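Each chain, written out:
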Amino acid sequence: MSITATIFRSRDIDGGAHHRAFGLVAIVLAMAVFYVDTYTDIEGAIAVLYVVTMLLAAQATTRIGLIGLASVCAALTLISYGMTHGDDADLQSTVRLVVALAALGVTTVLLLKTEAARLTLLSANSALKESEARYRSIFDRTRVALWERDYSKLRSYLMDVRAQGITDLKAYGRTNPAMVDYCVGLIRVVAANEAAREMLGRDPWVSGL
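Residues numbered from 1 in each chain as written. Predicted model: local features only at pLDDT ≥ 70, side-chain atom pairs only at ≥ 80, totals over all residues. Heavy atoms only, no water.

**Q** Looking at this model, I keep getting lost on the overall build of the protein. Mind explaining?
**A** When helices and strands are counted, the protein shows 10 helices and 2 strands. Ordered by position in the sequence, the α and β elements of the protein form the string α-α-α-α-α-α-β-α-α-α-β-α. In the protein, which comprises 209 residues, the share counted as buried stands at 27%. Sequence-distant contacts in the protein: of pairs separated by 6 or more residues, those separated by 24 or more amount to 66%. Carbon and sulfur atoms form 64% of the exposed surface of the protein, whose accessible area is close to 13,600 Å². (Helix = DSSP H or I, 4+ residues; strand = E, 2+ residues; numbered from the N terminus. Buried < 20%, exposed > 50% of the residue type's maximum accessible area, 1.4 Å probe, protein only. Contact = heavy atoms within 4.5 Å. Areas by Shrake-Rupley, 256 points an atom, 1.4 Å probe, with all protein chains shown as cover.)

**Q** I'm lost on the side chain of Thr 107 in this one. Help?
**A** Mapped onto the fold, Thr 107 is located in helix H6 (residues 91-141). Here Thr 107 falls in the buried class, since its relative accessible area comes to 13%. Within the local environment of Thr 107, its side chain forms a polar contact with the backbone oxygen of Ala 103, the two atoms lying 2.7 Å apart. If we skip the residues at most four places from it in the chain, Thr 107 touches Val 51, Met 54 and Leu 55. (Polar contact = N/O pair within 3.5 Å; in protein donor to acceptor, adjacent residues only side chain to side chain.)

**Q** How should the confidence of the model for the protein be read in this particular structure?
**A** Interpretation of the predicted coordinates at a detailed level should be avoided for regions scoring low in pLDDT. Summary statistics for the protein give a mean pLDDT of 81 and a share of 86% for residues scoring 70 or more. Within the protein, helix H2 (residues 11-14) has the poorest average pLDDT of any element, 47, and helix H7 (residues 152-163) the best, 90. A low-confidence stretch, residues 12-16 stays under pLDDT 50, and its non-local contacts, those more than four residues away or across chains, total 6 contacts. Counted against residues more than four places away or in other chains, residues 204-209, with its pLDDT under 50, gives 9 contacts. (pLDDT = per-residue confidence, 0-100.)

**Q** So what exactly am I meant to see when it comes to a nonpolar patch on the surface here?
**A** On the surface, Tyr 35, Tyr 39, Ile 79 and Met 83 cluster together to form a nonpolar patch covering roughly 450 Å² of accessible area. Among the secondary structure elements, those contributing two or more residues to the nonpolar patch are helix H3 (18-39) and helix H5 (63-85). Secondary-structure assignment places Ile 79 in helix H5. Take Ile 79: its relative accessible area is 43%, and that puts it in the partly exposed class. (Patch = residues over 30% accessible without salt bridge, like charges linked within 9 Å, V, L, I, M, F, W, Y side chains within 5 Å. Salt bridge = Lys/Arg side-chain N within 4 Å of Asp/Glu carboxyl O.)

**Q** How do you make sense of the packing of helix H4 (residues 50-57) against H5 when you look at a structure like this?
**A** Each pair of packed helices gets described by two things: the angle between the helix axes and the distance between those axes. Running from amino to carboxyl end, H4 crosses H5 at an angle of 165°, the nearest separation of the two axes being 10 Å. Taken together, H4 and H5 sit at an angle that is classed as roughly antiparallel. Two packed elements cross with a definite hand, and for H4 against H5 that hand is right-handed. Along the contact surface, H4 presents Tyr 50, Thr 53, Met 54 and Ala 57, while H5 presents Leu 66, Leu 69, Ala 70, Cys 73, Leu 76 and Thr 77. Each residue belonging to the contact of H4 with H5 can be placed in one class, and the counts come to 8 nonpolar, 2 polar and no charged. (Axes fitted to C-alpha atoms, helices over the stretch in contact; angles between N-to-C directions. Parallel < 35°, antiparallel > 145°, perpendicular 65-115°, else oblique. Left-handed = near helix turned anticlockwise from the far one by under 90°. Nonpolar A, V, L, I, M, F, W, Y, C, P; charged D, E, K, R; others polar.)

So this is what it looks like as C-alpha cells:
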C-alpha cells in the first residue's frame, strides 16, 4: 500500500476526485494560518483556524491522515508561538495557545470518531452487497423455478378493508367474488430466475422479464 493510499481516502470507495481538492485546500489554509500567526501583527487566537483545516481535510483523509495533519498543525502552532512569543511570553498569548491546542485536539477526536463510524457503515454496506450478490447468484443459477413477489399493495388493501370494520375476510370474499381477482392483481412478481422463465414463459405480468 502506497503512502498516498494510506493518507488519502480511496476514490473507488468515496467516489469523486474532488475529495483530493479538499486536502489541497486544507494544506494551503494551514500554510496561510501559520504565516498570519507568525509574520503579522494581528492579535488573537489565529491558530484556532487550524480547526477549519482539519474539517476540510476530513473530507479527503483517512484516520492516519487526520492524526498526521493534527500533529503538524499542533507543531506549527507551537513553532509560531516560539517564534513570536519565545522571549516575551505573557498570560494572554499563553491562554490563546492553550485554547488553540484544545480546540485542535477536541476537533481531531470528534473527526476520528466520525471517520470510525463512516468506516463501520462502509463495511456493513460492503457485507450487505456481498450477501445480496451471493443470494442473487443462487437465485439465478439454481434449476429450481423461483420468483419474487411483492405483496405490499395487497397488504395495504387488506389493512384498509379491516379499517372499514370488516373482520371476517373469508366471509367478505364469498359475498364479493371480485375481491379475490382484485387481490391477485395487486400481487406483483418482481423477479424470476431462468428456470421459472422456462416453466412459465416470459409473461408481461412478470415485471422486468
